[in-house]
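Analysis of the macromolecular model
Residues per chain, in single letters:
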Amino acid sequence: MDHRYYDLPSLTALEVFEASARHLSFKLAASELDMTSGEIRRQIKAIEDDLGVPLFVRSGTGLMFTSDGKDLYTVLARSFSKASQVVRTIKRGGRSWNVTIASTDAFASMWLVLRMPRFWSRHGDITVDHVISDSSRDHRRAEVELRIRYDFGSWPYERAELLFGDPVCDPGFAQEHSDVAAECLPELPLLHVQWIEPDWAGWDEILRRAWIPREPLRGHRFSKFFVALQAAQADQVVAVGWHRLVRTSVEAGKLVRNTDLELDAPGGYYLTWNDNRTLSLWAERLREWLRKISAEERDARS
């Protein structure tokens, strides 16, 4: 007979459940844990049989919690998070604290990393690890406590705070075309970004919202915003820029505004974290600092 001090399923089964619940996907949990989807499903079935209740509702679009599954995940997420913090502290010998933040390639390289020295000057005891990826799947890795995302501010089981709405869309930036009229933009070979997020505005939407007639647009296509801006710097004509991400390059003269066309971006940049997970003290400090500098920049622009 199996005698356990705590009346709990196996740690492996709980780990599989937590990963599946965090991703709301057996496939993503299998990838994270280096298991097959079949092994994940067997572990979930074992824990459901042990508890005598279903933990997920399977649908054509993925997984949803049952009320029991949500209760279990809430407790596990907090417990695993606390255990992870203790393990990291032990491994580091108490010398430093660690927090992991996730953001996209463009946001990290053009905004966040440029400002991090100001954080380190005040919090030299905190080590900040960066997960930089344009895939939301990577942003849900277990070690990630904070995420910066562009969207409308609503994600399942996440708390979200608006850092700033990117207030303008700046068509830019080849020096040769610095005096072009906005109505002439469709005639140029434009630089397009095939963005992974569906709500990221591109040339079609910008010209439509500006009421500028257009035929099928010409130009080069890129999978990364940052690379498109590098192409613009190399005078491969005109890209769409977001004010907060390109301001430093514009002020340095690396990029130039082509027109006075400005539009409100449809979404904003949000700081998010798992609603079922207690943030570590050092993650709280990073969150408060991000709030502070984003507020300062909003005030400076207003």
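Scope of this entry: the structure provided in the associated data block.

With that settled, the discussion passes to the pairing of strand 12 (residues 268-274). Of all the 7 residues making up strand 12, 7 are buried; the element is thus mostly covered by neighbouring parts of the structure. Pairing geometry for strand 5 (residues 146-151) and strand 12, over 5 bridges, is antiparallel. When the bridges of strand 12 are listed, Ile-148 appears paired with Leu-271. By the bridge criterion, 6 bridges tie strand 6 (residues 158-164) to strand 12 in an arrangement that is antiparallel. Looking at the pairing, Glu-161 lines up with Leu-271 of strand 12.

Bringing the pattern of salt bridges into the picture now. The tally for this structure, following the rule as stated, stands at 15 salt bridges. A salt bridge links Arg-22 to Glu-18; its shortest N-O distance comes to 2.9 Å. Here the residue Arg-22 and the residue Glu-18 both occupy positions in helix 1 (residues 11-23), the gap between them amounting to 4 residues, near one helical turn. The pair Arg-22 / Glu-18 is uniform in exposure class, with both members buried. Here Glu-284 ties to Arg-287 by a salt bridge, and the two come within 2.4 Å at their closest N and O atoms. Taken together, the positions of Glu-284 and Arg-287, both in helix 10 (residues 281-301) and 3 residues apart, correspond to about one turn of that helix. Residue Arg-287 is classed as buried on the basis of its relative accessible area of 9%.

In this section: the nonpolar core. Judged by nonpolar contacts, the single largest core of 51 residues is most densely connected at Leu-245, Leu-286 and Leu-290. Ranked by residue count, the leading element in this core is helix 5 (residues 105-122), at 7 residues.

Considered for burial, the residues of helix 9 (residues 243-251) that qualify are His-243, Arg-244, Leu-245, Val-246 and Ser-249. Just beyond helix 9, the residue with positive phi is Gly-253, at close to 80°.

Time to look at the packing of aromatic side chains. One pass over the full model with this rule turns up 10 aromatic pairs. Between Phe-17 and Phe-56, the ring centres sit 5.4 Å apart and the planes meet at 40°, which makes this aromatic pair tilted. Note that Phe-17 is positioned in helix 1 and Phe-56 in strand 1 (residues 56-59), a separation of 39 residues in sequence. Measuring from centroid to centroid gives 5.5 Å for Phe-65 and Tyr-73, while their planes differ by 20°, and the two rings are stacked. A relative accessible area of 11% means that Phe-65 is categorised as buried. An aromatic cluster of at least three residues, connected via ring pairs, comprises Phe-17, Phe-26, Phe-56, Phe-65, Tyr-73 and Tyr-157. In this structure, Arg-287 is placed above the aromatic ring of Trp-273, and the distance from its NZ or CZ to the ring centre is 4.6 Å.

Rules of the game
- Residues numbered from 1 in each chain as written.
- Predicted model: local features only at pLDDT ≥ 70, side-chain atom pairs only at ≥ 80, totals over all residues.
- Heavy atoms only, no water.
- Buried < 20%, exposed > 50% of the residue type's maximum accessible area, 1.4 Å probe, protein only.
- Helix = DSSP H or I, 4+ residues; strand = E, 2+ residues; numbered from the N terminus.
- Pairing = 2+ DSSP bridges.
- Salt bridge = Lys/Arg side-chain N within 4 Å of Asp/Glu carboxyl O.
- Core = buried A, V, L, I, M, F, W, Y, C linked by side-chain atoms within 4.5 Å.
- Phe/Tyr/Trp six-rings, centres within 6.5 Å; stacked < 30°, edge-to-face > 60°.
- Lys NZ or Arg CZ within 6 Å of the ring centre and 35° of its normal.

Geometry only, nothing functional implied.
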